[in-house]
Each structure stands twice: as C-alpha cells, then as structure tokens.
There are 2 protein chains.
Amino acid sequence: MRLASFTDYGLRMLMRLAGSPGQALSTAALAEEFGLSRHHLAKIMQRLVQGGIVTTRRGGGGGAMLARAPDQIRLGGVVRLLEEGHALVECFVPAGGNCAITGQCRLKGRLRAAEAAFLAELDRTTLADVAVGAPPCRSPEPAEV
Amino acid sequence: MRLASFTDYGLRMLMRLAGSPGQALSTAALAEEFGLSRHHLAKIMQRLVQGGIVTTRRGGGGGAMLARAPDQIRLGGVVRLLEEGHALVECFVPAGGNCAITGQCRLKGRLRAAEAAFLAELDRTTLADVAVGAPPCRSPEPAEV
C-alpha cells in the first residue's frame, strides 16, 4: 500500500515546521531545502491551512507555522486530512467503483478495520515526536591565505 | 493510502476460490465473472502460485484452486505478497528515494509500525471469513407461449 506523495511531502513540511517553533517558513524555502516542486508544496500547504493544522503570516518574515503546539497534532489526523480522496480500494470511493462482488462482500469491513488500525497507530505519535531541525548552514569557503 | 489494483483484484479472485472449495476455476472464467482483464488476472494468479497460496490443475476442468484450506490463509499474508514492490513511502524502496530528511528522520519507524498494525489487523481474518460463492446462474429467457 502506498501513501500519496501529497501526504509524504506534507508530513516532511510539518516535521520541519515542528522543528522551528514560532518561526514562519515560506513554501519557497521548504521547496528549496527538500528539492521539491514549490507549486506542489504550495497546494499541500493550502490543504493544511484549510484543515486547521497550519496558519500563515503575511509580509516580511511571513510564511507558514503550525496552528497548534506540535505535541497537539497527531500524525493520524494529518494523514486522514492529506489522504482524503485516495481510497484504499476502488469500492471505498463514494461512487463505489464497479466490483462484481459488491453486495455480498465481507472484505470491505475488514479493510476498513485495518485502515483504522493504521491510523490509530499513527495517532500514538505527535509532530513533536518527529520534529526536524533546520539543516546545518553551509560554511563559507575558507579564504585563500 | 491505496492498495494496488493488483492486490484488490487478487483478493477478489481468492475470495471466489475460497467460495468454491475443491473446484478449479480458470482465470478466463474469473475475468469474465468480474469484468476484468484476463491478462492482468493471469499475472496476479502467477504471483499467487509463486507465493504458494494457489495451485493449478492442468487439462479439462483445470484451473486454479487454493493451495491450503481457506481458513489457513490469512489476509495479511496475502496482502504482504501482492503488495511487494509497492512501498508505503518513497524511502521504503530499497534504493531509498531522495528525501532530504533521511538520516535524522524519526517518522520512518512510526510509519513501519502503522503498516505492521494494518497487516496484523488483516491477519485476524482468513479467506474462509470472506469467501464468496458462485454468482447465481442466469435463468434462460422464458419461452413465448
């Protein structure tokens, strides 16, 4: 099973925000740090803002910060938000897909239970547990003597 | 998070084999029943044979059958086999991907624990619990009187 890159990258951004408490980080800076598309990260950040996990500050020194303390944000909640629209199997999509077994299927409930176990396990961890600090500054080249 | 269609379709085939114990079903018949590609199902069946979950019988009335009793085949084991090569996140691929956080990442272990919880939950169910019988035969059109 696979998490969407949307979720993978979203988690990376949140881990960095958790590692720089009180500091607003721009999507451009995060994109450069991670070597990822700024456009893609901006879309993920928008979802995180809509979901109330991140808040933004405008102007000079503006950017994104966590909306709550990192120890108040559980990973299961983050993954639930970012994975919205990525159904585990075809029949979990609201339209329901086109499975010939639908109606007499006893698998669906078991898959839902497994998905719930996955998220419950992640909910045991908060962003504070997985925070990542700023990368070390690259030292300037030593001047030739 | 998403299971590969390989896994989704593989589970459907196994559920039907579990519902017809002692009877060999051809991939062609399963493909027709489910409205799925025969070629795709044949590739999945090959993996199930290699994994020791399914065995095949040649000749007239030949086809695939479960290699063990359905109550001896756990869903977690099936999903582990069919999801091989579908890493949860980029860094779970043996080559390791290209994540800037690698090295100081504390998320990876938490994701592995969540994946294990997902599979452990599925291991509580066997194919016997989710067996699906043959679809009802379509009655012939009544003759006009």
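Above this text is the structure in question.
Note that the structure is predicted; figures quoted are calculated from it, not measured.

1. A word on the overall build of chain A
No. 1: Summing up its helical and strand segments, chain A has five helices and two strands in all.
No. 2: Counted from the first residue to the last, chain A has its helices and strands arranged as α-α-α-β-β-α-α.
No. 3: In terms of overall size, chain A is more extended than a compact globule, its C-alpha atoms giving a radius of gyration of 19 Å where 145 residues would be expected to give roughly 15 Å.
No. 4: Along the first, second and third principal axes, the C-alpha set of chain A runs to 80 × 30 × 30 Å.
No. 5: Intrachain contacts of chain A at a sequence separation of at least 6 include 67% that bridge at least 24 residues.
No. 6: With the model as given, the accessible surface of chain A reaches about 7600 Å², and the carbon-plus-sulfur share is 50%.
No. 7: Positive and negative charge centroids in chain A, built from 17 and 13 side chains respectively, lie 8 Å apart.

2. Overview of the relation of the copies chain B and chain A
No. 1: Of the two same-sequence chains, chain B is brought onto chain A (RMSD 0.0 Å, axial shift 0.0 Å) by a rotation of 180°. When the rotation and shift are considered jointly, the pair of chain copies conforms to a two-fold rotation axis.
No. 2: Taken as a fraction of all interface residues of chain B, those also at the interface in chain A reach 100%, which identifies the copy contact as same-surface.

3. Here's the deal with the interface of chain B and chain A
One widely used convention gives an interface's size as the accessible area the parts lose upon coming together.
No. 1: Contact residues are listed per partner, giving 40 residues for chain B and 40 residues for chain A.
No. 2: In total, about 4000 Å² of surface goes out of reach between chain B and chain A, with carbon and sulfur atoms giving 63% of it.
No. 3: Joining chain B to chain A, the criterion identifies 15 residue pairs in polar contact (both at pLDDT 80 or more).
No. 4: Of all elements in the fold, only α1 (5–19), α2 (27–34) and α5 (107–122) of chain B reach the threshold of two or more residues within the side of chain B that touches chain A.
No. 5: Top element by residues in the side of chain B that touches chain A is α5(B). It accounts for ten residues.

4. Regarding helix α2 (residues 27–34) of chain A
All names here are of chain A.
No. 1: All of the buried residues in α2 are Thr 27, Leu 30, Ala 31 and Phe 34. Buried positions in α2, seen along its axis, are confined to an arc of 100° and lie on one side of it.
No. 2: Tucked inside the fold, the buried residues of α2 contact α1 (5–19) and α3 (38–50).

5. Description of the nonpolar core
No. 1: Ranked by internal contacts, the top residues of the largest apolar core, which has 94 residues, are A:Leu48, A:Phe118, B:Leu48 and B:Phe118.
No. 2: Once residues within four sequence positions are removed from consideration, A:Phe118 is found in contact with A:Met1, A:Leu3, A:Val79, B:Met1, B:Leu88, B:Ala114, B:Glu115 and B:Phe118.

Reading the values: the criteria
- Residues numbered from 1 in each chain as written.
- Chains lettered and ligands numbered in written order.
- Predicted model: local features only at pLDDT ≥ 70, side-chain atom pairs only at ≥ 80, totals over all residues.
- Heavy atoms only, no water.
- Helix = DSSP H or I, 4+ residues; strand = E, 2+ residues; numbered from the N terminus.
- Rg over C-alpha atoms; globule rule 2.2 N^0.38 Å.
- Contact = heavy atoms within 4.5 Å.
- Areas by Shrake-Rupley, 256 points an atom, 1.4 Å probe, with all protein chains shown as cover.
- Lys, Arg positive; Asp, Glu negative; His and termini not counted.
- Charge placed at Lys NZ, Arg CZ, Asp CG, Glu CD.
- Least-squares fit on C-alpha atoms with pLDDT ≥ 70 in both.
- Buried area = accessible area lost by both parts, 1.4 Å probe.
- Polar contact = N/O pair within 3.5 Å; in protein donor to acceptor, adjacent residues only side chain to side chain.
- Buried < 20%, exposed > 50% of the residue type's maximum accessible area, 1.4 Å probe, protein only.
- Arc of directions from axis to C-beta.
- Core = buried A, V, L, I, M, F, W, Y, C linked by side-chain atoms within 4.5 Å.

Limitation: the analysis is restricted to geometry and does not speak to function.
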